[in-house]
Amino acid sequence: MTNTSALRIVWIYPDLLSTYGDRGNVLILQRRAELRGIATEIVHVHSSDAVPEQGDIYLLGGGEDRPQILAAERLRADGGLIRAAARGACVFAVCAGYQIIGENYGDDEANPLPGLGILDIRSGRGQSRAVGEIVADVDPALGVGRITGFENHQGRTEIGPSARPLSTTVRGIGNDDRTEGAYQGQVLGTYLHGPALPRNPQLADLLLRWRVGQLAPLPPAWGERLHEERLAAALS
Ligand code: GLN
């Protein structure tokens, strides 16, 4: 990493964890930061690379079962993301990424495998796949409101005492107990694909606020229109 004053956005393992356009999460964070005059530096970390520890926001996407296992093994062996989270970095993880950052998760035969242990959740395997649109109301403490996304996962997630549910579901399966996602400090995981941040610009702004503090409001644009459109479609 070169620019020490820029907001450093680190995309973890695009070669293993990137289903359903997860790159959109990187792009929208960059765009919404730069519209406010905040310079960004984007770092792509492939699964053969070491994870840099000085990032501000780390992004992990979704993945099929086998790439998910490989990604978890490599991230555990590397240790960089665990150390970055321990010093307070923000982590935003989707679906397979969400399960990986927890204490443990179920492999494709439901055997528990160790995760990174930076979010107090445990994921097992459900009887069926959860597939479809999710609508959920985010914990009011986070000031995000209603979010939408697309879920496609076999895993089911239980939240431990150190983490809080991200949201309460209005529609969809999510964690499986009428909640969706979880957060603990600035580590946040969700089952929302779509990708989640372009579909929910207010969630992108939460991550930016955690790093840079108060943000100037932006005039509503296509992101807000997409959010309204998907919300109406999911609830119709
Ligand atoms: N393999 C995981 C599951 O099925 C995550 C899937 C995903 O990332 N879409 O639960």
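Under an unreviewed UniProt entry, the name given to the protein chain is Lipid II isoglutaminyl synthase (glutamine-hydrolyzing) subunit GatD, and the organism recorded is Nocardiopsis flavescens. Taken from UniProt, the Function (unreviewed entry) comment for the protein chain reads in full: "The lipid II isoglutaminyl synthase complex catalyzes the formation of alpha-D-isoglutamine in the cell wall lipid II stem peptide. The GatD subunit catalyzes the hydrolysis of glutamine to glutamate and ammonia. The resulting ammonia molecule is channeled to the active site of MurT." In the Sequence similarities (unreviewed entry) part of its UniProt record, the protein chain is described as follows: "Belongs to the CobB/CobQ family. GatD subfamily."

Participant: Provide a residue-level description of the overall build of the protein chain, including the pertinent values.
Facilitator: The secondary structure content of the protein chain amounts to seven helices and 11 strands. Its C-alpha atoms give the protein chain a radius of gyration of 16 Å, within 12% of the compact-globule value 18 Å for 236 residues. With the C-alpha coordinates of the protein chain rotated into their principal frame, the extents come out at 45 × 45 × 30 Å. When contacts within the protein chain are restricted to residue pairs at least 6 apart in sequence, long-range pairs at least 24 apart make up 70% of them. Of the roughly 9,900 Å² of accessible surface on the protein chain, 49% is carried by carbon and sulfur atoms.

Participant: Got a sec to walk through helix H1 (residues 23-34)? Specific residues and values, please.
Facilitator: With 12 residues, H1 should cover 16 Å at 1.5 Å per step; its first-to-last C-alpha distance of 17 Å lies within 8% of that length. By the burial criterion, the buried members of H1 are Gly24, Asn25, Val26, Ile28, Leu29, Arg32 and Ala33.

Participant: Outline unusual backbone geometry, supporting the account with residue identities and numerical values.
Facilitator: Residues Gly194 and Pro195 are joined by a peptide bond in cis, for which omega reads -10 degrees. Looking at where Pro195 falls in the secondary structure, it is placed in the loop between strand S11 (187-190) and helix H5 (196-199). Despite not being glycine, Cys95 shows a phi value in the positive range, around 55 degrees. Along the chain, Cys95 turns up in the loop between strand S4 (90-94) and helix H4 (96-100). Of note in the backbone geometry, Ala110 takes a positive phi value of approximately 70 degrees without being a glycine. Within the fold, Ala110 resides in the loop between strand S5 (104-106) and strand S6 (112-114).

Participant: I'd like a description of the site of the ligand, backed by residues and values.
Facilitator: Near the ligand there are 14 residues, and of these Asp65, Gln68, Cys95, Asn152 and Gly155 occur at the shortest range. Within the side chain of Gln99, a nitrogen or oxygen atom sits 3.0 Å from an oxygen atom of the ligand. Elements supplying a minimum of two residues to the shell around the ligand: helix H2 (65-78), H4, strand S7 (121-138) and strand S8 (146-159). Residue composition of the shell around the ligand, grouped by class: two nonpolar, nine polar and three charged.

Participant: Describe H2, listing the residues and the values that go with them.
Facilitator: Look at H2: 20 Å from first C-alpha to last across 14 residues, which is about the 20 Å you get at 1.5 Å a residue. Of the positions making up H2, those classed as buried are Gln68, Ile69, Ala71, Ala72 and Leu75. Along H2, the residues classed as buried sweep out an arc of 165 degrees about the axis, all on the same side. Seen from the buried face of H2, the exposed residues on the opposite side, beyond 90 degrees, are Arg66 and Ala77.

Participant: Which residues make up the UniProt feature "binding site: substrate" (unreviewed entry) in the protein chain, and what values go with them?
Facilitator: Mapped onto this structure's residue numbering, the UniProt feature "binding site: substrate" (unreviewed entry) falls at Arg129. Along the chain, the position of Arg129 falls in strand S7. By relative accessible area, which is 42% here, Arg129 ends up partly exposed. Separated by 2.8 Å, the side chains of Arg129 and Asn152 make a polar contact.

Reading guide: rules and limits
Residues numbered from 1 in each chain as written. Predicted model: local features only at pLDDT ≥ 70, side-chain atom pairs only at ≥ 80, totals over all residues. Heavy atoms only, no water. UniProt positions renumbered as here; feature names shortened; annotations may be inferred. Helix = DSSP H or I, 4+ residues; strand = E, 2+ residues; numbered from the N terminus. Rg over C-alpha atoms; globule rule 2.2 N^0.38 Å. Contact = heavy atoms within 4.5 Å. Areas by Shrake-Rupley, 256 points an atom, 1.4 Å probe, with all protein chains shown as cover. Expected span 1.5 Å × (residues − 1). Buried < 20%, exposed > 50% of the residue type's maximum accessible area, 1.4 Å probe, protein only. Near = heavy atom within 4 Å. Polar contact = N/O pair within 3.5 Å; in protein donor to acceptor, adjacent residues only side chain to side chain. Nonpolar A, V, L, I, M, F, W, Y, C, P; charged D, E, K, R; others polar. Arc of directions from axis to C-beta.

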